[in-house]
Protein chains: 2
Amino acid sequence: MPEKYSSLLARLHTLNDLQKSIAVLQWDRETNMPPQGNSGRTQQITTLTQLAHEIGTSNEMGELLAAAEAELIDADYDSTEASLLRYVRRQYDEERKFSSDFVRRRSEVTGAAGFAWAQARAQNDFASFAPHLQAAVGIAQESAEILGYEDEKYDALLNQYERGMKTKDVRAIFEKVKRETVPLIHAISAQRDAVDDSFLFQSFDVDAQKKLARYAAESIGYDFTRGHLGQVEHPFSTSFGRNDVRITTRFNPEFANSALFATLHEAGHALYEKGVGEELERTPLAQGTSSGIHESQSRLFENQVGRSRGYWDAHFSKLQAHFPQQMGRIDTEKFYRAINKVQPSFIRVEADELTYNMHIILRFELEQALINGDLSVADLPAAWNEKMQTLLGITPPDDTQGVLQDVHWSMAAFGYFPTYTLGNLYAALFMETARSHDAQIVAELARGETATLLAWLRNNIHRHGSKYDAPELCQRATGQTLSADPFVRYVREKFGGIYALE
Amino acid sequence: MPEKYSSLLARLHTLNDLQKSIAVLQWDRETNMPPQGNSGRTQQITTLTQLAHEIGTSNEMGELLAAAEAELIDADYDSTEASLLRYVRRQYDEERKFSSDFVRRRSEVTGAAGFAWAQARAQNDFASFAPHLQAAVGIAQESAEILGYEDEKYDALLNQYERGMKTKDVRAIFEKVKRETVPLIHAISAQRDAVDDSFLFQSFDVDAQKKLARYAAESIGYDFTRGHLGQVEHPFSTSFGRNDVRITTRFNPEFANSALFATLHEAGHALYEKGVGEELERTPLAQGTSSGIHESQSRLFENQVGRSRGYWDAHFSKLQAHFPQQMGRIDTEKFYRAINKVQPSFIRVEADELTYNMHIILRFELEQALINGDLSVADLPAAWNEKMQTLLGITPPDDTQGVLQDVHWSMAAFGYFPTYTLGNLYAALFMETARSHDAQIVAELARGETATLLAWLRNNIHRHGSKYDAPELCQRATGQTLSADPFVRYVREKFGGIYALE
């Protein structure tokens, strides 16, 4: 191995180990830590984060990087070496732009805003959160200026989560989604009673749910010798390296679907991280390339696979075996329809596959307006409710079920929301491509099997880790740029069938 | 706060957070990590350990320390500041003695020896372990030379775990234990059938055992808002700070006592760490002062409390409620006698309260001989078996149940074993002192309560953390130096009663 590159790599390994250690500390906080452990844990995470930041932005790192770049100036674009140097250069230059004063201020603002948000949501008191949200918007605007942008400020923010994507392109794609989805939702709303999902809301033994969650994860290829399922309040997945990628779920004793689909969702994320090429291990390339691509893998397994008729043809009997009383007299078709019921609702994380994107488009439009200064924080709740009415035909009864429901803005994470819908759209595009690529995939999916699909995903997406930005990865995997069309085709066919639309 | 001292403290906090993060990584490895996660986890632990070592032995640390020492030269001996400076100075000077070449070699030798030991034990093949053990002895001898000693080489090793204690003093104390215990064991062996413990070996539901373990931990004051009980193969306790001190236990479906007493033992360790003074938090003083004192706290709660008649007068009905079939027709006296049955056996960790020390004295004598060069590794198995015969009247059928049973020597941890018996002796001394100090403690223990005892331990032992070495702490807490007498009095009375010895 080239000498300078090898020295850089050793430093990147140290950095990687620090970052993965932080991930373990965070995982443990959510899954096992006793309540009084939090203050010590925050100190540990802060200390390791500072050490990682010091190493990552040090002059020494800059020198190692420059030396390796000079040494490998002729490396092939697709090689691990060239890809890693591209990635680290960009990361290094970007992180060096933020002064330690700004990093400290950002951490103070979001720390206070997170606390204020939790209280405001609990008490339905937007006014008490407003000044903190104002400060968070300010921090995001300042970030955008520090990072720089060509067309619009929001580009710089979006770029943090979905590198290489332009706001104007997202806007155009989302307009199409909106144009196609809103009439579909209206048509379905006209026959609201066509689907009965009342039997999903019963008592479900949590121990049986735990066994079912493991079964579901394994059913799509999640391997427990390289993983672990934890129990938490807000499900997430996390990777400590490709051979230890963990998932979590929550158990609602009155609604088994909550744990089941959260598990499939998180296992989809985890399959991505487990599939990263071994040669990228312990480098910053050993992770999903963007929030949107990551979400595409979770949505693909949660929805395109997990809410498909084929999957339940294969697995419904298992569900019945775990819950004979609750499911014994339900048939697969009735269950399939119930888990795909479309119904406008207030809370994003509880939304169905079709209305979900409306929740995102609403946030995407509002946060652009906030960042551009076209909308004041004071006018935000009214703007929220107005858009809910336009897009979904309902108005939240209070701010807790409206503008206060999500944590993201308190974290100044403007630019993150659109990646959820980008994930849905990528999932549809990848699925359409994979199916057209290999008849075996189609045949297997019809029997609830995913082995060949997973092999296609690994080969075209997972193994590359962060070597390519999302648009480039998409082009390589599908020969296309992202559009709303595959998603529109997918939902028209699926919901057209369920609701017998013409 | 004095300026230089404050700078030193900030650096010690960083070091502490790194070390506690390592503890979290280790805890997670034992409790949750999937099998294939081990190689990545080893890298993470190695990296953090290196970072901690670099910071701890840096010139910068030396300068901060010297500046703080000069600033606080007049600080009161008992103050946190003076105690911390004493501790850090000693630690710093000692760690600087080890070259990075030696540290690397030690890590290689013990890494290979640990692996070889596990295999050798599984295959009852001492010969394959012998060269690794030879290397581990060599590393320990080298350590002793690096650290330095006055009287004998073993002092330097013992000092790593039990600072301030001389080998010759331990030898004298252990001789007394041996002299008094061996005849007692002989007398008891003559009436082996006086105690029936056969009913302890039955089927015990593991979920019920888990509830009972939590109950047992809480019964002696372990607070789950500052703790957590994990399930492992080899029980241990660990502290991530005084408000997150965790315990673990193992569950044997055929023998409930295994989980029960391991839980009391680990909770005893944990109470010590939880009781460290708040003002010591995030410094190296925020931990138990020696292995022997630590073990005294676990043994005190496992044996002196947990195997007492008073404890089971209070709690036996709870055990019966969890296991009505197995325990419904047993009375408290029968249970009390069963859990105190004395019987020579091969495996240290399964030994009763009386024969346990013989296992330790055997190891203590053998490891001194190995370190001094009076015993060769080749002759070790025979020497082991001979001593087992002398001390306990039995000879192991194979090396797996003899010389190969413990991991310690593969880790080059010579000098550790004696601290187990020191723990038993300290426990007896502390208990005798506490009882004589406050009649309330005696009265409470007779009803299975430990609140006032715990308050005494906190005030006299726990809160000091590592401010004082064990001998000094003992003198302050009891007005005495350690001797075998309280332990001898304790076992004579207890086992004299159970076995109706004159």
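Anything mentioned here points back to the structure above.
Residues numbered from 1 in each chain as written. Chains lettered and ligands numbered in written order. Predicted model: local features only at pLDDT ≥ 70, side-chain atom pairs only at ≥ 80, totals over all residues. Heavy atoms only, no water.

Draft legend 1. Main features of the packing of aromatic side chains. In this structure the tally under the stated criterion is 46 aromatic pairs over all chains. A centroid spacing of 5.1 Å and a plane angle of 75° characterise the contact between Tyr161(A) and Tyr416(A), whose relative ring orientation is edge-to-face. Here Tyr161(A) is found in helix α7 (residues 153–161), whereas its partner Tyr416(A) is found in the loop between α16 (380–392) and α17 (418–437), with 255 residues between them in sequence. Residue classification places Tyr416(A) among the partly exposed positions, given a relative accessible area of 23%. Here Trp409(B) and Phe417(B) contribute two aromatic rings whose centre-to-centre distance is 5.9 Å and whose plane-to-plane angle is 85°, an arrangement assigned as edge-to-face. The class for Phe417(B) is buried, based on a relative accessible area of 1%. Put simply, the rings of Tyr161(A), Tyr356(A), Trp384(A), Trp409(A), Phe414(A), Tyr416(A), Phe417(A) and Tyr420(A) pair up and form one aromatic cluster. The ring centre of Phe417(A) lies 5.4 Å from the NZ or CZ of Arg363(A), which sits over that ring. (Phe/Tyr/Trp six-rings, centres within 6.5 Å; stacked < 30°, edge-to-face > 60°. Helix = DSSP H or I, 4+ residues; strand = E, 2+ residues; numbered from the N terminus. Buried < 20%, exposed > 50% of the residue type's maximum accessible area, 1.4 Å probe, protein only. Lys NZ or Arg CZ within 6 Å of the ring centre and 35° of its normal.)

Draft legend 2. Region of interest: the packing of helix α15 (residues 356–372) of chain A against α16(A). Residue and element names in this part refer to chain A. Where α15 meets α16, the closest approach of the two axes is 10 Å, and the angle between their N-to-C directions is 145°. The hand of the α15/α16 crossing is right-handed. Contacts between α15 and α16 involve Met358, His359, Leu362, Arg363, Glu365, Leu366 and Leu370 on the former and, on the latter, Leu380, Ala383, Trp384, Lys387, Met388, Leu391 and Leu392. The residue makeup of the contact of α15 with α16, split by class, is 10 nonpolar, 1 polar and 3 charged. (Axes fitted to C-alpha atoms, helices over the stretch in contact; angles between N-to-C directions. Left-handed = near helix turned anticlockwise from the far one by under 90°. Contact = heavy atoms within 4.5 Å. Nonpolar A, V, L, I, M, F, W, Y, C, P; charged D, E, K, R; others polar.)

Draft legend 3. Representation of the environment of Ala216(A) within the structure. All names here are of chain A. Here Ala216 is to be found in helix α9 (residues 206–219). For Ala216, a relative accessible area of 1% gives the class buried. Contact partners of Ala216, with chain neighbours within four places excluded, come to Leu260, Leu264 and Tyr311.

Draft legend 4. Up close: the sheet that holds strand β2 (residues 237–239) of chain A. Residue and element names in this part refer to chain A. The sheet built from 3 strands is open, its strands ordered β1-β3-β2 with mixed pairing. Either end of the sheet is taken by a strand with one partner, and the two such strands are β1 (227–231) and β2. For this sheet the average axis-to-axis angle between neighbouring strands, irrespective of direction, equals 20°. Note: β1 against strand β3 (residues 245–249), 5 bridges, orientation parallel. (Pairing = 2+ DSSP bridges.)

Draft legend 5. How the structure looks around the interface of chain A and chain B. The interface is formed by 33 residues belonging to chain A together with 33 residues belonging to chain B. Carbon and sulfur atoms make up 54% of the surface buried where chain A meets chain B, a total of about 2700 Å² over both sides. If you look at where chain A meets chain B, you find 4 salt bridges. The partner of Asp28(B) in a salt bridge is Arg246(A), with the nearest N and O atoms 2.7 Å apart. Looking at the side of chain A that touches chain B, the element that brings in the most residues is helix α1 (residues 3–31) of chain A, giving 9 residues. (Buried area = accessible area lost by both parts, 1.4 Å probe. Salt bridge = Lys/Arg side-chain N within 4 Å of Asp/Glu carboxyl O.)

Draft legend 6. Inspection of the relation of the copies chain A and chain B at higher detail. The two copies are related by a screw operation: chain A maps onto chain B through 180° of rotation and 0.1 Å of translation along the axis, at an RMSD of 0.1 Å. Those values place the two copies in the arrangement expected of a two-fold rotation axis. A share of 100% of the interface residues of chain A reappears at the interface of chain B, consistent with the copies meeting face to face through the same patch. (Least-squares fit on C-alpha atoms with pLDDT ≥ 70 in both.)

Draft legend 7. Seen up close, the pattern of salt bridges. Scanning all chains against the criterion turns up 75 salt bridges over all chains. Residue Arg309(B) is joined to Asp313(B) by a salt bridge in which the shortest nitrogen-to-oxygen separation is 3.0 Å. With a gap of 4 residues between them, Arg309(B) and Asp313(B) both fall in helix α12 (residues 309–322), about one helical turn apart. For Arg363(B), the salt bridge is made with Asp406(B), and the minimal N-O distance between the two is 2.7 Å. Of this pair, Arg363(B) sits in helix α15 (residues 356–372) while Asp406(B) sits in the loop between α16 (380–392) and α17 (418–437), placing them 43 residues apart in sequence. What emerges from the salt-bridge pattern is a single network uniting Asp101(A), Arg104(A), Arg105(A), Glu108(A) and Glu142(A).

Draft legend 8. The arrangement of the nonpolar core in detail. With 129 residues, the main nonpolar core has Met327(A), Phe335(A) and Phe414(A) as its most contacted residues. Residues in contact with Phe335(A), not counting those within four places in the same chain, are Phe199(A), Leu200(A), Asn257(A), Trp312(A), Phe316(A), Leu319(A), Met327(A) and Ile330(A). Within the second largest apolar cluster, 128 residues are counted, among which are Leu133(B), Ile173(B), Ala428(B) and Phe430(B). (Core = buried A, V, L, I, M, F, W, Y, C linked by side-chain atoms within 4.5 Å.)

Draft legend 9. Representation of the sheet that holds strand β3 (residues 245–249) of chain B within the structure. Residue and element names in this part refer to chain B. Within the open sheet, the 3 strands sit side by side as β1-β3-β2. Their pairing is mixed. Each of the sheet's edge strands pairs with one partner strand only, and the pair in question is β1 (227–231) and β2 (237–239). Recorded for the sheet is a direction-independent mean angle of 20° between the axes of neighbouring strands. Strand direction decides the pairing type here: β2 and β3, joined by 3 bridges, are antiparallel. In the strand pairing of β3, Ser239 is matched with Val245.

It is worth stressing that arrangement in space is one thing and function is another; only the former is reported here.
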